[in-house]
Amino acid sequence: MAPSCTLARMDIHSLQTRLRAFSAERGWEPYQNPKNLAMAMVVEAAELVEIFQWLRPEQAADIAADAARQQHVGEEIADVLVYLLQIADRCGIDVEAAVERKIGLNALKYPVPSSPQPAPTDSGVADDPSPEPRAD
């Protein structure tokens, strides 16, 4: 499958190299194993979720209207991404190849419907709800 997206603005290998050097300079390498990194990533993901926890859906969708909140979201996303890249680096995962493969698998698992999906009702739920696609 030909790549359908590009990470041209983000050089993952270069970021991983910088993160490795950052950790080495501080003597953190013994602690940065995949298990610890995954646990730290989940903590950072929880901090991201906390920002949205009590917002109404329309408030969450309009996060860019509040510059301070948008910056906070960006910082938490960066934290999650940093840990994710470090996990991939330590596990020898080619992130771009893994993402492309997963998109292909999801396309097979969740094909484009051949008929229109039911429209949501006033309650916001379709009369004949079909399962929400997940990136699993």
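Keep in mind that this is a model prediction, so the values were computed, not measured. (Residues numbered from 1 in each chain as written. Predicted model: local features only at pLDDT ≥ 70, side-chain atom pairs only at ≥ 80, totals over all residues. Heavy atoms only, no water.)

### Things to note about the overall build of the chain
Helix and strand counts for the chain come out as five helices and zero strands. Put simply, the chain runs from its N terminus to its C terminus through helices and strands in the order α-α-α-α-α. Counting the 136 residues in the chain, one finds 18% classified as buried. Residue pairs at least 24 apart in sequence account for 70% of intrachain contacts in the chain once pairs closer than 6 positions are excluded. When the accessible surface of the chain is totalled, it reaches about 10300 Å², and 60% of it is carbon and sulfur. (Helix = DSSP H or I, 4+ residues; strand = E, 2+ residues; numbered from the N terminus. Buried < 20%, exposed > 50% of the residue type's maximum accessible area, 1.4 Å probe, protein only. Contact = heavy atoms within 4.5 Å. Areas by Shrake-Rupley, 256 points an atom, 1.4 Å probe, with all protein chains shown as cover.)

### Comments concerning the pattern of salt bridges
Summed over all chains, the structure comprises four salt bridges. Between Asp89 and Arg20 there is a salt bridge, and its shortest N-O distance comes to 2.6 Å. Placement of Asp89 in helix α4 (residues 67–91) and of Arg20 in helix α1 (residues 12–25) is noted, with a sequence separation of 69 residues between them. Notably, a salt bridge pairs Glu25 with Arg26, separated by 3.3 Å at the nearest N-O pair. (Salt bridge = Lys/Arg side-chain N within 4 Å of Asp/Glu carboxyl O.)

### Topic: the nonpolar core
For soluble globular proteins, nonpolar side chains are generally found buried alongside one another. If you look at the biggest cluster of nonpolar residues, it comprises five residues: Leu48, Ile51, Leu55, Ile63 and Val73. In this view, Leu55 contacts Ala60, Ile63 and Arg69; residues no more than four positions away in its chain are not counted. (Core = buried A, V, L, I, M, F, W, Y, C linked by side-chain atoms within 4.5 Å.)

### Examining the confidence of the model for the chain
Mean pLDDT for the chain: 88, with 81% of residues reaching 70 or above. Ranking the helices and strands of the chain by mean pLDDT puts helix α2 (residues 34–52) first, with 98, and helix α3 (residues 57–61) last, with 95. (pLDDT = per-residue confidence, 0-100.)

### Details of the packing of aromatic side chains
This model, assessed by the stated rule, comprises one aromatic pair. Residue placement shows Arg26 over the ring face of Phe22; its charged tip is 3.4 Å from the ring centre. If you follow Arg26 out to its NZ or CZ, it ends over the ring of Trp28, 6.0 Å from the centre. (Phe/Tyr/Trp six-rings, centres within 6.5 Å; stacked < 30°, edge-to-face > 60°. Lys NZ or Arg CZ within 6 Å of the ring centre and 35° of its normal.)

### Comments concerning α4
Taking 1.5 Å per residue as the helical rise, α4 with its 25 residues ought to reach 36 Å, and the 36 Å between its terminal C-alpha atoms agrees with that figure. Among the residues of α4, Val73, Glu76, Val80, Leu85, Gln86, Ile87, Ala88 and Asp89 are the ones counted as buried. Sitting at the amino-terminal end of α4 is Asp66, which places a side-chain oxygen 3.2 Å from the backbone nitrogen of Ala68. Positive backbone phi, approximately 70°, marks Gly92, located one or two places after α4. (Expected span 1.5 Å × (residues − 1). Polar contact = N/O pair within 3.5 Å; in protein donor to acceptor, adjacent residues only side chain to side chain.)

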